[in-house]
Amino acid sequence: MGQVAWKGLFLSLFDYKTEKYVIAKNKKVGILYRVVQLSILAYLVGWVFVVKKGYQDTDTSLQSSVITKLKGVAFTNTSELGERLWDVADYVIPPQGENVFFVMTNLIVTPNQRQATCPESVSIPDALCYKDGDCPAGQAVVAGNGVKTGRCLKERDSIRGTCEILAWCPVEKRSKPKKPLLASAENFTVYIKNSIRFPKFKFSKMNVLATDNESYLKSCRYSTEHPYCPIFLLGNIVRWAGSDFHEMALEGGVIGIQIEWNCDLDKAPSECNPHYSFSRLDNKFAEKSISSGYNFRFAKYYRDADGVDYRTLFKAYGIRFDVMVNGKAGKFNIIPTVINIGSGLALMGAGAFFCDLVLLYLIKKSNFYRGKKYEEVKSRRRYGNAVNFNGKQRPVPGNYIPPNEFSQVTPPSFIAAVSWEMREAAVSWLVYKWPCTVSP
Amino acid sequence: MGQVAWKGLFLSLFDYKTEKYVIAKNKKVGILYRVVQLSILAYLVGWVFVVKKGYQDTDTSLQSSVITKLKGVAFTNTSELGERLWDVADYVIPPQGENVFFVMTNLIVTPNQRQATCPESVSIPDALCYKDGDCPAGQAVVAGNGVKTGRCLKERDSIRGTCEILAWCPVEKRSKPKKPLLASAENFTVYIKNSIRFPKFKFSKMNVLATDNESYLKSCRYSTEHPYCPIFLLGNIVRWAGSDFHEMALEGGVIGIQIEWNCDLDKAPSECNPHYSFSRLDNKFAEKSISSGYNFRFAKYYRDADGVDYRTLFKAYGIRFDVMVNGKAGKFNIIPTVINIGSGLALMGAGAFFCDLVLLYLIKKSNFYRGKKYEEVKSRRRYGNAVNFNGKQRPVPGNYIPPNEFSQVTPPSFIAAVSWEMREAAVSWLVYKWPCTVSP
Amino acid sequence: MGQVAWKGLFLSLFDYKTEKYVIAKNKKVGILYRVVQLSILAYLVGWVFVVKKGYQDTDTSLQSSVITKLKGVAFTNTSELGERLWDVADYVIPPQGENVFFVMTNLIVTPNQRQATCPESVSIPDALCYKDGDCPAGQAVVAGNGVKTGRCLKERDSIRGTCEILAWCPVEKRSKPKKPLLASAENFTVYIKNSIRFPKFKFSKMNVLATDNESYLKSCRYSTEHPYCPIFLLGNIVRWAGSDFHEMALEGGVIGIQIEWNCDLDKAPSECNPHYSFSRLDNKFAEKSISSGYNFRFAKYYRDADGVDYRTLFKAYGIRFDVMVNGKAGKFNIIPTVINIGSGLALMGAGAFFCDLVLLYLIKKSNFYRGKKYEEVKSRRRYGNAVNFNGKQRPVPGNYIPPNEFSQVTPPSFIAAVSWEMREAAVSWLVYKWPCTVSP
């Protein structure tokens, strides 16, 4: 390009482009537009700012630590164990007091098991046999208690028996008590101490009221009058979760304790309180099923005077409690405030869609306004036929098209116009509806 | 301002502003624009709605509980323990059947340790000594087993020895078996019972088929024919995770079991099934390294007839299994449907960028359309030089500029125009690409 | 509609609409606009691309496994236990070396408890009695150690006593040592082995340097010179968390160890290193309170020669360490790059708001430009009064309004114009500020 052309290109970089607008002095549409804007504004102020607290910065990465401690004792009288008092060190597994803990409510005890050979339990299908050949030596019993020794042991005069196995003998018998042994676990209490911290706002809180009054925390129970006393009766927890304690204690189950902290840090710290909710996490079937309930086996190991190991096997049924903590905090911050105000302003333009339709298609003068808004242009082959206003022809230079001549105001079809208008409104509304921000 | 001015200001609040458009009656560009719109529409319907299910509301906060139960026995014959049968209560740590459990596959046993003084292990660097002065009494051995007593114990005729320590004696010898003791852990089975709940849609499901057929769950194994039988062979799990069981059983390791629930709740609940995947979580090095493998020490405590404590120390190697559950559910909801439809409509305007370029720069009549789209204005110093259409001068009042006089249709440079057009297209496309919504 | 109308409607679908712009050839505003654009561009390149790495795709779903192992011994001399050496199997609970572990630092030992009847502890309020009637048989003592037998036991000449209970006797006495028994836990070391994997980029790493040099990992300690040696002194961890070890060891507490992986995978893998931070998770009160500290009870069970169970009860105080791993990785990807470039271009249009205000209200020729930008239209009742340029009347057909006649350039009020302009700027700025993307 020549130097002049380069200069023109360079100078054109400093031109300023701005959209052209048509101002329709139509009071009806103007008032309608302002009414739409005011209602959007009311929605914005009422919903976004007051209800959803759009002026706040939020922190959802809660740091939490949970310490639990149970209290309570239960008395049982069984043939295997005799009269026995169960306290916390006996029935809570594991004992560390973390956010997941198990309370034993029912059990099958098989005491004094030693490494020996004995007949397998009759309820294990793989151990049923008719002759020694059915029990290959060294083969582990599928879903059983030991390895086969090669002998098939039958009771007197019986055709069918069970394989002899090397195992912890005698093996466990499959008879769960019909009533939960430790049913008084209903009256045990759990003290859930939860400390949380919102790192973004450097705000910490505990769910316990700091007090020197030792006897308060020794005797209080959680209720709406005592929100700062997180000591719960196990029976209450199960009831609030919608289950029956006695039924759950028989088969076992899993209860979730959700602690939710939703704090508005613009208010006083004393108003930042946790909300507790309880739910049953494992599915409870209408009919008893082998896949319901919760149990596991553990053993206590001893050694006799001869140095031989022996153990007591426990099949423990009980309720596992999972404490789950989540929450979020909000605090006033200028950036989300400005962003939400801006998005609200953007949304106020969404009324333009509707008002444009009214202006261009519904009111009496709509044709006029359509003509003003849409300037239709159609290029002609030859420039030589320019006709001026007065009807006289006059020669015109190369590129020059008399402005507005041959521009005929043909209103665009309603469908085309609606599709155009919808896009404009969609832009506004979508900008409003997408309030995800990246922190600068 | 005067009263008239205030009235003018007030009335101007009810004016309605709308953008002015130029309608180019150019069929080529019009058809091109519609083709672009249709292709965008096809992409929108095909991708956003069919593949990504844009009409659905999603819930990603899955509540889950996992209960595990192992079955299987292993037989070992060692010098420390003799013939021994290991069952679930012996090799699973911890026994509670939670989502993380450890299966012992190899071990070093140091039985009958008592609190006493004895020489430290020769493999502890800090305990090596030449004379008593090298072993200050009361000093704990760094990375060792006890506190030094002040004596250096050397074997007969040796110059170098190890410090005498107060510890659980005798100390552990560092010789791991060359083959995993409990290699038959490969045939153990783990039954993973998982209940999930999507709280937003109040939908619960288990990964086990509720059945009264007890023998089904006693004998089935997980496979594609039995997707509702979550009983896995440990050997299979390790193999599916891409590792060799025998090698892993020797040194120990960590396996992750991911259970993923992706449910379309518009379909039947029976189509909401979990997907299992397995991966090795700890890094396995090509060469054996002291930082590979997984092991820990625990002890069983006894008391002899004299009331003296003694213990058996176990250094357990094995595989830890971490069960991790995640998922999301989707269900039809009118709000995301409307939002995605709206954003799709907005995107359809993105074709305008390309079509504008074609219209303004690529087709034959582009100069004409540029002239129509861009109205160039330049203010003059004096108003007195207004020249009308016919060339005659006429006096003009103060602020009045004859419309379109002196407006010369100089096409903006291509670079400037492209940068302007790109911004318009960017607005459209970006509104589409940011589909993050806040739920109202 | 007639056929012609339908044809018109159909053809109008292929019209192409484009906005009309006014190009103001005002160098001052043009330069101002370019300056604003350049500064926005500098902010975009500097902040979004360089600092926030906007050209990268991120993966926040980190898979992690943690294995911990403690080393260290402590020597104690107490009346209940005598001289005793504590090693890892004694003081770490649980022993599995998972991401949460407890180190005992202080304890109350109650040895040789047997199931029997004995007086309840005097510090239990519910067990205080004056006569046998105060102790109903079979009633569990609230927050106590057993069930009442029906007798009130008083010491010689005392009016008040405590109920006799069936419990593990003798009951625990409430006297915590004034100094932490296992204070030398300060010198214990914990080896935290952490493997992470970013599944999206298939990138794995460990926080330990793979080395055959066994003695390196036996003697090194974590420091800035040894970032690949994750062996920490417990005393250092507590100090870095801002607490005093001796004080924490007396009452117990919870420490969080956060391991954060922020990796730029465009760089070498060796630059992807974890960052360790330590914090105290439980609240430490200025004054001692019954709700501070961390302790729990567990027991070791034995059986005497007569087959009678007895146990040693431990009330363990100590520090629980929670290892928490999180992180994210970024890698160049064309899609976020293009999206951020596009949003940056959109933002550059935000300067138009300010420049529009300058152009329309602040510079000398602002009236002129207002007139050019805003075309005011007002419909008239009768079309017959059209007056042309030259002042002559001429009859006009039905819908035809001479363009620009009667269009009076009345500048809109500043308030109305600002509100309109703000909306335009808000659209631009908000599109920029909402960079949430859905991956295609």
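Residues numbered from 1 in each chain as written. Chains lettered and ligands numbered in written order. Predicted model: local features only at pLDDT ≥ 70, side-chain atom pairs only at ≥ 80, totals over all residues. Heavy atoms only, no water.

If you open the UniProt record of chain A and go to Function (unreviewed entry), you find "Receptor for ATP that acts as a ligand-gated ion channel." (UniProt positions renumbered as here; feature names shortened; annotations may be inferred.)

In terms of helices and strands, chain A carries 10 helices and 19 strands. In chain A, buried positions account for 54% of the 440 residues. Within chain A, residue pairs in contact and separated by at least 24 positions form 68% of the contacts whose partners lie at least 6 positions apart. (Helix = DSSP H or I, 4+ residues; strand = E, 2+ residues; numbered from the N terminus. Buried < 20%, exposed > 50% of the residue type's maximum accessible area, 1.4 Å probe, protein only. Contact = heavy atoms within 4.5 Å.)

With that settled, the discussion passes to the pattern of salt bridges. The final tally for this structure, using the stated rule, is 41 salt bridges over all chains. Residue R151(A) pairs with E164(A) through a salt bridge whose shortest N-O separation is 3.4 Å. Of this pair, R151(A) sits in strand 10 (residues 147-153) while E164(A) is found in strand 11 (residues 161-169), placing the two residues 13 residues apart along the sequence. Its salt-bridge partner being R114(C), residue D304(C) comes within 3.0 Å of it at the nearest N-O pair. (Salt bridge = Lys/Arg side-chain N within 4 Å of Asp/Glu carboxyl O.)

Let us now look at the state of the cysteines. Residues and elements named next belong to chain A. Following the criterion strictly, the structure yields 15 disulfides over all chains and no others. Shown here is the disulfide that connects C118 with C169, its sulfur atoms set 1.8 Å apart. The S-S bond linking C118 to C169 shows a torsion near -80 degrees; that makes this disulfide left-handed. Here C118, found in strand 8 (residues 100-119), pairs with C169, found in strand 11; they are 51 residues apart in sequence, far enough to count as distant. (Disulfide = S-S within 2.5 Å.)

Scanning all chains against the criterion turns up 51 aromatic pairs over all chains. Taken together, a centroid distance of 5.5 Å and an interplanar angle of 85 degrees make the contact between F102(A) and Y294(A) edge-to-face. Taken together, the residues F102(A) in strand 8 and Y294(A) in the loop between strand 16 (274-280) and strand 17 (295-303) connect sequence positions 192 residues apart. For the pair F102(A) and Y294(A), one class covers both residues: buried. Geometrically, the ring pair formed by F298(B) and F314(B) is stacked, given 5.0 Å between the ring centres and 10 degrees between the ring planes. With a gap of 16 residues between them, F298(B) in strand 17 (residues 295-303) and F314(B) in strand 18 (residues 309-332) connect regions that are remote in the sequence. The residues F298(B) and F314(B) share a single accessibility class, namely buried. A network of ring pairs unites the aromatic residues F102(A), Y294(A), F296(A), F298(A) and F314(A) as a single cluster. When the ring centre of Y301(C) is taken as reference, the NZ or CZ atom of K300(A) above it lies at 4.1 Å. Cation over ring: R84(C) sits above W86(C), and NZ or CZ is 4.4 Å from the ring centre. (Phe/Tyr/Trp six-rings, centres within 6.5 Å; stacked < 30°, edge-to-face > 60°. Lys NZ or Arg CZ within 6 Å of the ring centre and 35° of its normal.)

Time to look at the UniProt feature "transmembrane region" (unreviewed entry) in chain A. Under the local residue numbering, the UniProt record ascribes the feature "transmembrane region" (unreviewed entry) to residues 31-50 and 341-363 of chain A. Secondary structure across residues 31-50 of chain A comprises 100% helix and 0% strand; the distance between its end C-alpha atoms is 27 Å.

Moving on, we get to the UniProt feature "binding site: ATP" (unreviewed entry) in chain A. The feature "binding site: ATP" (unreviewed entry), as annotated in UniProt, sits at K69(A), L70(A), K71(A), T189(A), N295(A), F296(A), R297(A) and K315(A) in this numbering. With the annotated positions falling across 247 residues, the maximum pairwise C-alpha distance of 24.5 Å shows that they are not confined to a single cluster. Mapped onto the fold, K69(A) is located in strand 4 (residues 63-71). Here K69(A) is in contact with T189(A), V190(A), Y191(A), N295(C), R297(C) and K315(C), once residues within four sequence places are set aside.

What follows covers the environment of I257(A). Residues and elements named next belong to chain A. Inspection of the secondary structure puts I257 in strand 15 (residues 253-264). Sequence spacing of I257 and K28 is 229 residues, and the spatial spacing of their C-alpha atoms is 59 Å. If near-sequence neighbours (up to four positions away) are discounted, I257 is found in contact with I192, I237, S277, F278, F321, D322, V323 and M324.

Take K315(A): it is sitting in strand 18 (residues 309-332). Buried and unpaired, K315(A) has E172(A) as its nearest opposite-charge partner, separated by 4.6 Å. A polar atom in the side chain of K315(A) sits 3.3 Å from the side chain of Y317(A). Among all residues touching K315(A), those that are not within four sequence positions of it are N106(A), L107(A), I108(A), E172(A), R174(A), N295(A), F296(A), R297(A) and K69(B). (Lys, Arg positive; Asp, Glu negative; His and termini not counted. Polar contact = N/O pair within 3.5 Å; in protein donor to acceptor, adjacent residues only side chain to side chain.)

Turning our attention to the confidence of the model for chain A. Residue and element names in this part refer to chain A. With 80% of its residues at a pLDDT of 70 or more, chain A shows a mean pLDDT of 80. Across residues 382-412, where pLDDT falls below 50, the model places 46 contacts with residues more than four positions away in sequence or in other chains. The low-confidence segment residues 429-440 (pLDDT under 50) makes 53 contacts with residues lying over four places distant or belonging to another chain. (pLDDT = per-residue confidence, 0-100.)

The next thing to look at is the sheet that holds strand 2 (residues 21-24) of chain B. Taken together, 3 strands build an open sheet; the order of strands is 19(A)-2(B)-1(C) and the sheet is mixed. Strands at the two margins of the open sheet, each flanked by one partner only, are strand 19 (374-377) of chain A together with strand 1 (16-19) of chain C. Adjacent strand axes in the sheet meet at a mean angle of 30 degrees when their direction is disregarded. Lying over the sheet, helix 9 (residues 366-373) of chain B contacts strand 19 of chain A, strand 2 of chain B together with strand 1 of chain C, oriented at roughly 160 degrees with respect to strand 19 of chain A. (Pairing = 2+ DSSP bridges. Axes fitted to C-alpha atoms, helices over the stretch in contact; angles between N-to-C directions.)

A contiguous nonpolar surface patch, about 610 Å² in accessible area, is contributed by L38(C), L41(C), Y43(C), V45(C), W47(C), V50(C) and V51(C). Tracing the backbone shows V51(C) in helix 2 (residues 27-51). (Patch = residues over 30% accessible without salt bridge, like charges linked within 9 Å, V, L, I, M, F, W, Y side chains within 5 Å. Areas by Shrake-Rupley, 256 points an atom, 1.4 Å probe, with all protein chains shown as cover.)

Tracing the backbone through its elements, the reader meets G46(A) in helix 2 (residues 27-51). Spatially, the C-alpha atoms of G46(A) and G307(A) are 78 Å apart, while their sequence positions differ by 261 residues.

This part covers the pairing of strand 8 of chain A. Residues and elements named next belong to chain A. Pairing geometry for strand 7 (residues 92-93) and strand 8, over 2 bridges, is antiparallel. Looking across to strand 8, one finds that V92 is bridged to V103. Sheet topology note: the strand 8/strand 18 ladder contains 11 bridges and is antiparallel. Following the sheet pairing, V103 is matched in strand 18 by I319.

Core analysis: the biggest nonpolar cluster contains 53 residues, and L70(B), Y91(B), V103(B), M104(B), L234(B), I237(B) and F321(B) have the highest contact counts within it. In this structure Y91(B) touches L70(B), K71(B), G72(B), V73(B), W86(B), F102(B), V103(B), M104(B) and F188(B), once residues within four positions along its chain are discounted. (Core = buried A, V, L, I, M, F, W, Y, C linked by side-chain atoms within 4.5 Å.)

Time to look at helix 2 (residues 27-51) of chain B. Residues and elements named next belong to chain B. Here helix 2 contains 25 residues, and its C-alpha end-to-end distance of 34 Å stays within 8% of the 36 Å for a straight helix at 1.5 Å per residue. Along helix 2, the residues classified as buried are V29, G30, Y33, R34, V36, Q37, I40, L44, V48 and F49. Phi turns positive, to about 55 degrees, at K53, one or two residues after helix 2. (Expected span 1.5 Å × (residues − 1).)

A few words now on the sheet that holds strand 1 (residues 16-19) of chain B. Pairing between the strands of a sheet is mediated by backbone hydrogen bonds and can be parallel or antiparallel. Spatial ordering of the open sheet is given by 1(B)-2(A)-19(C), a layout of 3 strands whose pairing is mixed. Looking at which strands have only one partner, the edges of the open sheet turn out to be strand 1 of chain B together with strand 19 (374-377) of chain C. Going across the sheet, the axis of each strand differs from the next one's by a mean of 30 degrees, ignoring polarity. Taken together, the 4 bridges between strand 2 (residues 21-24) of chain A and strand 19 of chain C define a ladder with parallel strand orientation. Opposite Y21(A), over in strand 19 of chain C, you have Y374(C) as the bridge partner. Across the face of the sheet, helix 9 (residues 366-373) of chain A comes into contact with strand 2 of chain A, strand 1 of chain B together with strand 19 of chain C while running at roughly 160 degrees to strand 19 of chain C.

Residue and element names in this part refer to chain C. By the element assignment, G253 lies in strand 15 (residues 253-264). When its relative accessible area of 0% is taken as the criterion, G253 is described as buried. What G253 contacts, discounting residues up to four positions off in sequence, is M248, R280, D282, Y294, G318, I319 and R320.

Moving on, we come to the side chain of D309(A). In this fold, D309(A) is placed in strand 18. D309(A) gets classed as buried once you look at its relative accessible area, which sits at 16%. A distance of 3.1 Å separates polar atoms of two side chains, one belonging to D309(A) and the other to R303(A). In this structure the side chain of D309(A) is engaged in a polar contact, spanning 3.5 Å, whose partner is the side chain of Y302(B).

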